[in-house]
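# Topology and contacts: notes
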Amino acid sequence: MFQFEMLEENNHEQMVIFSDKHSGLRGIITIHDTTLGPAIGGTRMLPYSSIQSALKDGLQISSAITYKAAISGLNLGGGNAIIIGDPKTDKNELLFRTFGKYVESLGGRYITAEDVGTDVKDMELVRMETKYVAGISKALGGSGDPSPVTAYGVFVGIKAMVKKQWGSDTLRGKKIAIQGAGNVARYLVEHLAHEGVEIIITDKNEDKLKRIVSSVKAHVVKPEEIYSVEADIFTPCALGGIINSEMIEKMNFGIIAGATNNQLENPEINAELLKKKNILYAPDFVINAGGLINVANELEGYRQDRALRQAETIYDTLCNVIDYSRKEDISTLAAANELAEKRIKQMRGMKNIYKGESSFSGRFGEIVRKR
Ligand code: NAD
């Protein structure tokens, strides 16, 4: 009963709980909404203390992917898989191949990929049992690291934000404060430096900072200083939950636009406060959709040039979100959620929506919006 209530409360279509004594595999697959297409989402392997906490995570992630796909014009839904176990000690071939059989048994309603606790090698084992896997290595015909496409999407997204906040999308002379010098930031700074942006950057990891400053001109600050530096734009590229109301009250940035997932600690409240303070906020699931766009491209036979071109649509998507938020006098987060829901509702009326066919062919040609 508890699980039924959780599904209904979270508007989910399906949940699969599986346990295999032979391999020791225990896990859950959650499918949020397949109106637009098959549910896609990573496999998270963590030593959850209870099925409830695993399920809570799974439900939250799969619904977030539905919204990300919908606002990005992709014909995909949101899903997620959780394997309960310690990724340091519990991984083996049998476990991942058994998991692959469960994914296969869903006949394409769910497509998996790597996530926290799993990697490309694990997905290659899963692939031995099912074709419903994405995010595999380039050597095996996959899309490899999504960071270059995510970074490009964030870059064009920043330009759209600047246009809407200050009237022109030129970045020359703008100051950008970047939190995190990891995979996304590494590619993002190249685009920004090329446009003549003044870069201020921080990371907890000295080596990653060194790698950045060896390739572009950037001013390094301590992690706790990044929120108060003098800059036009704040670009989070590290961990989520970093922006709260107290911090927003003190902030002097004109724009927040970055790759980090779940940036706002209290999404609705914080987004409303950002609106009041005229800090233009790029909803994270809109601006960081390049990663999902990259994976969606893999489903049609991967080509990075096409993925990059499609990531460019993030510019128009963000402009639409901001125009809608101004017209309706709501936060950009509320606007992005409403636009995503509108697209799903409209598509529910179409006859040729995804119905759970078991084959990739003939449908994945339509997964990515054509330009
Ligand atoms: P990453 O792990 O390569 O880099 C994150 C960096 O942030 C690390 O170098 C880490 O040391 C640093 N960091 C962590 N906490 C910090 C703090 N408090 N202050 C300063 N630095 C801190 O991750 P990534 O792939 O670059 O992704 C960055 C963010 O973007 C993540 O939230 C990720 O979920 C999100 N994202 C990434 C992609 C992608 O394609 N990689 C796609 C969509 C969303």
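About the thresholds
Residues numbered from 1 in each chain as written. Predicted model: local features only at pLDDT ≥ 70, side-chain atom pairs only at ≥ 80, totals over all residues. Heavy atoms only, no water. Helix = DSSP H or I, 4+ residues; strand = E, 2+ residues; numbered from the N terminus. Buried < 20%, exposed > 50% of the residue type's maximum accessible area, 1.4 Å probe, protein only. Contact = heavy atoms within 4.5 Å. Areas by Shrake-Rupley, 256 points an atom, 1.4 Å probe, with all protein chains shown as cover. Lys, Arg positive; Asp, Glu negative; His and termini not counted. Charge placed at Lys NZ, Arg CZ, Asp CG, Glu CD. pLDDT = per-residue confidence, 0-100. Near = heavy atom within 4 Å. Polar contact = N/O pair within 3.5 Å; in protein donor to acceptor, adjacent residues only side chain to side chain. Nonpolar A, V, L, I, M, F, W, Y, C, P; charged D, E, K, R; others polar. Phe/Tyr/Trp six-rings, centres within 6.5 Å; stacked < 30°, edge-to-face > 60°. Expected span 1.5 Å × (residues − 1). Domains from an automatic or database assignment. Buried area = accessible area lost by both parts, 1.4 Å probe.

## So, the overall build of the chain
Secondary structure summary: the chain contains 14 helices and eleven strands in total. Seen through its principal axes, the chain has C-alpha atoms that stretch 60 × 45 × 40 Å. Evaluated residue by residue, the chain yields a buried proportion of 54% over its 371 residues. Residue pairs at least 24 apart in sequence account for 68% of intrachain contacts in the chain once pairs closer than 6 positions are excluded. Carbon and sulfur atoms make up 50% of the accessible area of the chain, which totals about 16700 Å². Here the chain carries 46 positive and 47 negative side-chain charges, and the mean point of each set is 4 Å from the other.

## A short note on the confidence of the model for the chain
When the pLDDT values of the chain are averaged, the result is 92; 94% of them are 70 or greater. Here residues 356–365 is a poorly scored stretch, pLDDT under 50, and it has 19 contacts once near neighbours within four places are set aside; other chains count.

## A closer look at the site of the ligand
If you check the shell around the ligand, you find 19 residues, and the closest are Thr 150, Asn 183, Val 184, Asp 203 and Ala 238. Val 184 has a polar backbone atom sitting 2.9 Å from an oxygen atom of the ligand. Here an oxygen atom of the ligand sits 3.3 Å away from a polar atom, N or O, in the side chain of Lys 208. Among the elements of the structure, α5 (147–166) and α6 (183–194) are those that each provide at least two residues to the shell around the ligand. Residues that form the shell around the ligand fall into these classes: seven nonpolar, nine polar and three charged.

## Some words on the packing of aromatic side chains
Counting across every chain of the model gives five aromatic pairs. Relative to Tyr 102, the ring of Phe 18 has its centre 4.6 Å away and its plane inclined at 20 degrees; by these criteria the two rings are stacked. Here Tyr 102 lies in helix α3 (residues 93–105) and Phe 18 lies in strand β1 (residues 14–20), a separation of 84 residues in the sequence. Overall, Phe 18 belongs to the buried group, its relative accessible area being 3%. Ring centres 6.3 Å apart and planes at 35 degrees place the aromatic pair Tyr 152 and Phe 155 in the tilted group. Placement of both Tyr 152 and Phe 155 in helix α5 is noted, with a separation of three residues, approximately one turn of the helix. Here Tyr 152 and Phe 155 have matching classes, each one buried. Taken together, the aromatic side chains of Phe 18, Phe 99 and Tyr 102 make up a single cluster linked through ring pairs.

## Quick word on helix α14 (residues 332–348)
With 17 residues, α14 extends 24 Å from end C-alpha to end C-alpha; this agrees with the ideal 24 Å at 1.5 Å per step. The complete set of buried residues in α14 reads Thr 332, Leu 333, Ala 335, Ala 336, Ala 340, Arg 343 and Ile 344. Residues of α14 that are buried make contact with β2 (25–33), α2 (51–71), α9 (267–276), β11 (280–281), α10 (284–287) and α13 (313–328).

## Looking at the environment of Ala 177
Within the element layout of this structure, Ala 177 appears in strand β6 (residues 175–179). Taking the C-alpha atoms as reference points, Ala 177 and Val 221, separated by 44 residues in sequence, lie 9.5 Å from one another. Non-local contacts of Ala 177, meaning those with residues more than four positions away in its chain, are made with Ile 200, Ile 226, Val 229, Ala 231, Ile 233, Phe 234, Thr 235 and Phe 253.

## Notes on the domain arrangement of the chain
Quite often, the size of an interface is put as the accessible area lost when its parts meet. Partitioning the chain into domains gives domain 1 (2–64 + 77–135) and domain 2 (147–341). One C-alpha centre belongs to domain 1, the other to domain 2, and the line joining them spans 29 Å. Interface of domain 1 and domain 2: buried area, both sides summed, is about 430 Å²; carbon and sulfur atoms make up 69% of it. Contact with domain 2 buries surface across domain 1, with Ile 40, Ala 134 and Gly 135 losing the most and accounting together for 61% of the total. The interface formed by domain 1 and domain 2 holds one residue pair in polar contact (both at pLDDT 80 or more) in total. For the side of domain 1 that touches domain 2, a count of residues per class yields four nonpolar, two polar and no charged.

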